[in-house]
Amino acid sequence: FASNVSVRLNGIPCKVVKVGPSGLFPGQDELAFLVPPLLVDYGPVDLVVTVAGREANYSRLVLGHE
């Protein structure tokens, strides 16, 4: 299992609600987090996931309309 997981959207910390084994992809973990209300329908945001002190590759999400 992944440990010490954090998520930020546009630099805003998000609450991680689940980290655990994926039901669809054996050997991989699943991550669930809450989007802060002020970012709902915001458009493109930068996603930063940190696991055990190491940042994952750069990602971008579109929240609502682009």
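Please refer to the structure higher up on the page.
We now turn to the structure provided with this report.

**Topic: the environment of Gly20**
Part 1 of the reasoning: Structurally, Gly20 is set in strand β3 (residues 16–21).
Part 2 of the reasoning: Taking the C-alpha atoms as reference points, Gly20 and Val40, separated by 20 residues in sequence, lie 25 Å from one another.

**Digging into the side chain of Ser22**
Part 1 of the reasoning: With respect to the secondary-structure elements, Ser22 resides in the loop between β3 and β4 (29–33).
Part 2 of the reasoning: What makes Ser22 buried here is its relative accessible area of 14%.
Part 3 of the reasoning: Polar contacts involving the side chain of Ser22 include one to the side chain of Glu30, which spans 3.4 Å.
Part 4 of the reasoning: With sequence-adjacent residues up to four places away left out, Ser22 is seen in contact with Gln28, Asp29 and Glu30.

**A look at the nonpolar core**
Part 1 of the reasoning: Counting nine residues, the largest nonpolar core is built from Val5, Val7, Leu9, Cys14, Leu39, Val45, Leu47, Val49 and Leu63.
Part 2 of the reasoning: Breaking this core down by element, the ones donating at least two residues are β1 (5–9) and β5 (43–51).
Part 3 of the reasoning: Every residue in contact with Cys14, bar those within four places of it in the chain, is listed here: Val7, Leu9, Phe33, Leu34 and Pro36.

**With respect to the pairing of β1**
Part 1 of the reasoning: Only one face of β1 is covered, namely the face carrying Val5, Val7 and Leu9; the face carrying Ser6 and Arg8 is uncovered.
Part 2 of the reasoning: Relative to β5, β1 is paired through five bridges, and the arrangement is antiparallel. Bridge pairing links Arg8 to Val48 in β5.
Part 3 of the reasoning: In terms of strand pairing, β1 meets strand β2 (residues 12–14) through three bridges, oriented antiparallel. Paired with Leu9 across the strands is Ile12, a residue of β2.
Part 4 of the reasoning: Connecting β1 to the next strand, β2, in antiparallel fashion are two residues, including Asn10 with a positive phi near 50°.

Rules used in this analysis
- Residues numbered from 1 in each chain as written.
- Predicted model: local features only at pLDDT ≥ 70, side-chain atom pairs only at ≥ 80, totals over all residues.
- Heavy atoms only, no water.
- Helix = DSSP H or I, 4+ residues; strand = E, 2+ residues; numbered from the N terminus.
- Buried < 20%, exposed > 50% of the residue type's maximum accessible area, 1.4 Å probe, protein only.
- Polar contact = N/O pair within 3.5 Å; in protein donor to acceptor, adjacent residues only side chain to side chain.
- Contact = heavy atoms within 4.5 Å.
- Core = buried A, V, L, I, M, F, W, Y, C linked by side-chain atoms within 4.5 Å.
- Pairing = 2+ DSSP bridges.

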